[in-house]
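# Structural characterization, general
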Amino acid sequence: MARTTLDLPTEKMIAYAEDGIGWMVFNNPERHNALNAEMQAAIPLIYAAFGDDDSVRVVVMRGAGERAFVSGADIGEFDKREAAAKAGTPLPTARAWDDALYQRLGKPVIAMIRGYALGGGVLTMLKADIRVASDDAQFGVPAAKLGVGYAMSGVKALVDVVGPANAREILLTGDRFSAQDALRMGLINRVVPAAELEQAVVKLAGIIAGNAPLTIRAVRAAVDELVKPAAEQDEARVADLVAIAAASEDFREGRRAFQEKRKPDFTGR
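All residue numbers refer to positions counted from 1 along the written sequence of the respective chain. Restriction of local features to residues with pLDDT of at least 70 applies here, the model being predicted, together with a cutoff of 80 or more for giving and counting side-chain atom pairs; totals for whole chains, interfaces and linings are based on all residues. Values shown for side chains rest on all heavy atoms present in the structure; no hydrogens or waters enter the calculation.

### Let's talk about the overall build of the protein
- Per the secondary structure count, the protein includes 11 helices and 11 strands.
- Split into buried and exposed, the 269 residues of the protein put 43% on the buried side.
- When checking whether two residues touch, look at their non-hydrogen atoms; a contact exists if any pair is within 4.5 Å. In the protein, once contacts between residues fewer than 6 apart in sequence are set aside, the share between residues at least 24 apart is 65%.
- Here, Shrake-Rupley sampling with a 1.4 Å probe gives the accessible areas, and only protein chains in the shown set may cover a residue. Split by element, the accessible area of the protein, about 14000 Å² in all, is 54% carbon and sulfur. To qualify as a helix, a DSSP run of H or I must reach at least 4 residues; to qualify as a strand, a run of E must reach at least 2; elements of each kind are numbered from the N terminus. Partly exposed residues are those whose accessible area sits between 20% and 50% of the maximum for their type, while under 20% is buried and over 50% is exposed, using a 1.4 Å probe and protein chains only.

### Looking at the environment of N211
- Summarising the element assignment, N211 is placed in the loop between α8 (197–209) and α9 (213–226).
- A relative accessible area of 37% means that N211 is categorised as partly exposed.
- Sequence separation between N211 and G268 is 57 residues; the distance between their C-alpha atoms is 9.5 Å.
- With sequence-adjacent residues up to four places away left out, N211 is seen in contact with R57, I216 and F266.

### Let's talk about the pairing of strand β8 (residues 130–134)
- With 4 of its 5 residues buried, β8 lies for the most part within the structure.
- Examined bridge by bridge, strand β6 (residues 109–113) and β8 share 4 bridges and lie parallel to one another. The partner of M112 across the bridge, within β8, is V132. Paired strands, in this sense, are two strands between which DSSP finds at least two bridges.

### Considering the sheet that holds strand β9 (residues 138–140)
- Reading across the sheet, the 4 strands line up as β5-β7-β9-β10 and stay open at both edges, with mixed pairing between neighbours. A strand with exactly one partner marks an edge of an open sheet, and here the two such strands are β5 (68–70) and β10 (176–178). Pairs of neighbouring strands in the sheet enclose a mean axial angle of 25°, with direction left out of account.
- Bridge count for strand β7 (residues 116–118) against β9 is 3 bridges, and the pairing is parallel. Note on definitions: angles span 0 to 180 degrees between N-to-C directions of axes, and those axes are lines fitted to C-alpha atoms, for helices only across the stretch in contact.

### Looking at the nonpolar core
- For this analysis, a nonpolar core means a set of buried residues of the types Ala, Val, Leu, Ile, Met, Phe, Trp, Tyr and Cys, connected via side-chain atoms within 4.5 Å. With 43 residues, the main nonpolar core has F26, I113, M125 and F139 as its most contacted residues.
- With 6 residues, helix α1 (residues 37–52) is the largest single contributor of residues to this core.
- Ranked by size, the runner-up nonpolar core spans 18 residues in total, among them V58, V60, A64 and I110.

### As for empty space enclosed by the protein
- Definitions used throughout: a 1 Å grid over protein atoms alone; a cavity as a set of points that fits a 1.4 Å probe which cannot get out; a pocket as an open set with protein on both sides within 12 Å along at least five of seven lines; a lining residue as one with an atom within 4 Å of a point. Grid points are joined across faces, edges and corners, and a volume is the space filled by probe spheres set on the points. If you walk through the whole model with that rule in mind, you get 1 cavity of 30 Å³ or more.
- A volume near 40 Å³ is recorded for the largest cavity.
- Contributing to the lining of the largest cavity are R62, G63, G65, A68, F69, M112, I113, R114 and L197.
- Elements that contribute at least two residues to the lining of the largest cavity include exactly β4 (58–63), β5 and β6.
- Any residue outside Ala, Val, Leu, Ile, Met, Phe, Trp, Tyr, Cys, Pro, Asp, Glu, Lys and Arg is labelled polar, Gly included; the first ten of those are nonpolar and the last four are charged. Split into classes, the residues belonging to the lining of the largest cavity amount to 5 nonpolar, 2 polar and 2 charged.

### Considering the layout of surface pockets
- Of the volumes computed, that of the second largest pocket is approximately 390 Å³.
- Lining the second largest pocket we find 20 residues, and of these D54, G106, K107, P213 and R217 sit closest to its centre.
- Only α3 (94–105) and α9 provide two or more residues apiece to the lining of the second largest pocket.
- Here the lining of the second largest pocket is composed, by residue class, of 7 nonpolar, 6 polar and 7 charged.

### With respect to helix α11 (residues 249–260)
- Compared with the 16 Å implied by 1.5 Å per residue over 12 residues, the 16 Å span of α11 between its first and last C-alpha is a close match.
- Of the residues making up α11, those classed as buried are D250, E253 and A257. Here the buried residues of α11 occupy an arc of 55° about the axis, which is enough to place them on one side. Among the exposed residues of α11, those oriented more than 90 degrees off its buried face are F258 and Q259.
- Of the residues trailing α11, K261 is marked for its positive phi of about 55°. By this rule the span expected of a helix is its residue count minus one, scaled by 1.5 Å. As used here, the arc belongs to the directions running from the helix axis to the C-beta atoms.

### Topic: the pattern of salt bridges
- A pairing counts as a salt bridge when a side-chain nitrogen of Lys or Arg comes within 4 Å of a carboxyl oxygen of Asp or Glu. Enumeration over the complete set of coordinates arrives at 16 salt bridges.
- Between R62 and E198 there is a salt bridge; the shortest N-O distance is 3.4 Å. Highlighted residues: R62 in strand β4 and E198 in helix α8, separated in sequence by 136 residues.
- The exposure class assigned to R62 is buried, which follows from its relative accessible area of 17%.
- Under the relative-accessibility criterion, E198 is labelled partly exposed at 40%.
- With its nearest N and O atoms 3.1 Å apart, the salt bridge here joins R220 to D129. Of the two residues, R220 is situated in helix α9 and D129 in the loop between α4 (120–126) and β8; the sequence distance between them amounts to 91 residues.
- Residue class for D129 comes out partly exposed when judged on its relative accessible area of 32%.

Written as structure tokens, this is what we have:
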């Protein structure tokens with residue numbers, strides 16, 4: 001399948017689709033891929049485009065180069081952000097594109113992590129369904145070393161993944177942790193040798209891309225609901241998606257492929 005590249009308003013984000021995979025690249029290597037306002041403003045555009053493209057079955061987010069996934073928010077913009085907030089015209093933040101991930105994209109996301117994932121980089125990778133890191137990756141949330149306040153939503157995102165004890169260690173120390181430490185904490189799913197990282201992620205993404213999209217949509221919705229408090233869970237929404245999958249042509253194709261001992265050709269219908 002030919003590569004399709006998105007036209008974005010900034011060169012600091014790159015997005016293209018190829019072989020069923022949508023690639024979103026944080027392209028600010030001179031600042032260790034720190035997220036600035038123009039990058040964060042472009043992310044919803046990428047999610048919307050990939051969400052509307054039926055050929056994209058899974059999305060991979062990665063940093064440009066080998067030194068960092070995302071090293072956090074661009075500290076050089078802190079004064080600008082403060083001035084914009086006081087003027088009533090706040091700059092885009094990670095929260096501004098959080099809803100786009102689930103509401104517009106609606107597809108599995110893999111974080112491919114090489115090098116540093118710090119501060120906002122950790123929150124960024126937590127938005128992914130699966131996180132795969134190189135064995136030389138490093139993780140940390142240094143807010144306590146910078147005097148930066150940390151919103152409850154960010155703390156919750158971390159606690160939901162690693163639990164309160166590990167979240168306290170990460171946040172109270174502000175230290176950096178190795179890939180093996182992150183794996184032990186449950187912060188990431190897999191660790192692979194750096195030289196094999198992209199190959200491993202492409203293989204994983206290919207497996208997901210070959211699976212039934214309607215089933216994947218229902219599963220992701222179920223997980224999203226189950227991490228909410230019981231009183232807020234929308235079981236009916238998940239039941240509707242399960243029913244759609246059960247009545248789909250893909251379900252019939254899956255049964256035929258199993259009987260014929262071949263790989264199914266799912267279409268999302």
